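Letter by letter, the chains look like this.
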Amino acid sequence: MANNSSSHSSLNRRQVAQALNIPPEMAARNGIPSRMSSAEVAAIDANPPAWLAQSRANSTGKRPIWVDLRCYLCDFLEVARPKKWWPEFTYVICDFHENSELPDPQAGWRRSEYDGVGSRFRGIVDTQDD
């Protein structure tokens, strides 16, 4: 659970979904309230209801439900739902950083940029020229 370690802290539905490793839509569909305590989430995680146990049993683990987007330059962190179009990024940087702040790509490598990663990031991919 992101930055909430006290059993008395209140988590919103998105934070609960992150803690249970489920999409927020699944949390809402299955009656997770808009706010829960960390202790309540821990209890659900330890003794999952049938819908959560089934979801975990069906999970192949091929695609993560949540990913940490961490700026290579300033270490800002955001937890986000990965998009199908996201390639494997070489670097993830905040929108307000310049690409020139990154190490240069290796000789014979090309750099591509992907906007709209998370709420404030760009994804950078270095690939070897053929």
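Draft legend 1. Structural context of the environment of Asn12. One can find Asn12 in strand β1 (residues 10-12). Those residues within four positions of Asn12 in sequence are excluded, and the remaining contacts are Ser34 and Arg35. A polar atom in the side chain of Asn12 sits 3.1 Å from the backbone nitrogen of Arg14.

Draft legend 2. Just the pattern of salt bridges, in detail. In this structure the tally under the stated criterion is five salt bridges. A salt bridge links Asp126 to Arg111, with the shortest nitrogen-to-oxygen separation between them at 2.7 Å. One end of the pair, Asp126, is in strand β7 (residues 121-128); the other, Arg111, is in strand β6 (residues 109-117), with 15 residues separating them in the sequence. A residue is classified by how much of its surface remains accessible, and Asp126, at 13% relative accessible area, is buried.

Draft legend 3. Local environment of the nonpolar core. The biggest cluster of nonpolar side chains holds 15 residues, and the ones touching the most others in it are Leu69, Trp86, Phe89, Val117 and Phe121. Mapped by element, the contributors of at least two residues to this core are β3 (67-70), β5 (91-94) and β7. If you tally residues by element for this core, the top one is β5, at four residues. Ignoring anything within four residues of it in the chain, the contact list for Trp86 reads Val67, Leu69, Ala80, Arg81, Gly116, Val117 and Gly118. In terms of nonpolar packing, the next biggest core, distinct from the first, is built from 14 residues, Met26, Ala27, Ile44 and Leu52 among them.

Thresholds, definitions, all that
Residues numbered from 1 in each chain as written. Predicted model: local features only at pLDDT ≥ 70, side-chain atom pairs only at ≥ 80, totals over all residues. Heavy atoms only, no water. Helix = DSSP H or I, 4+ residues; strand = E, 2+ residues; numbered from the N terminus. Contact = heavy atoms within 4.5 Å. Polar contact = N/O pair within 3.5 Å; in protein donor to acceptor, adjacent residues only side chain to side chain. Salt bridge = Lys/Arg side-chain N within 4 Å of Asp/Glu carboxyl O. Buried < 20%, exposed > 50% of the residue type's maximum accessible area, 1.4 Å probe, protein only. Core = buried A, V, L, I, M, F, W, Y, C linked by side-chain atoms within 4.5 Å.

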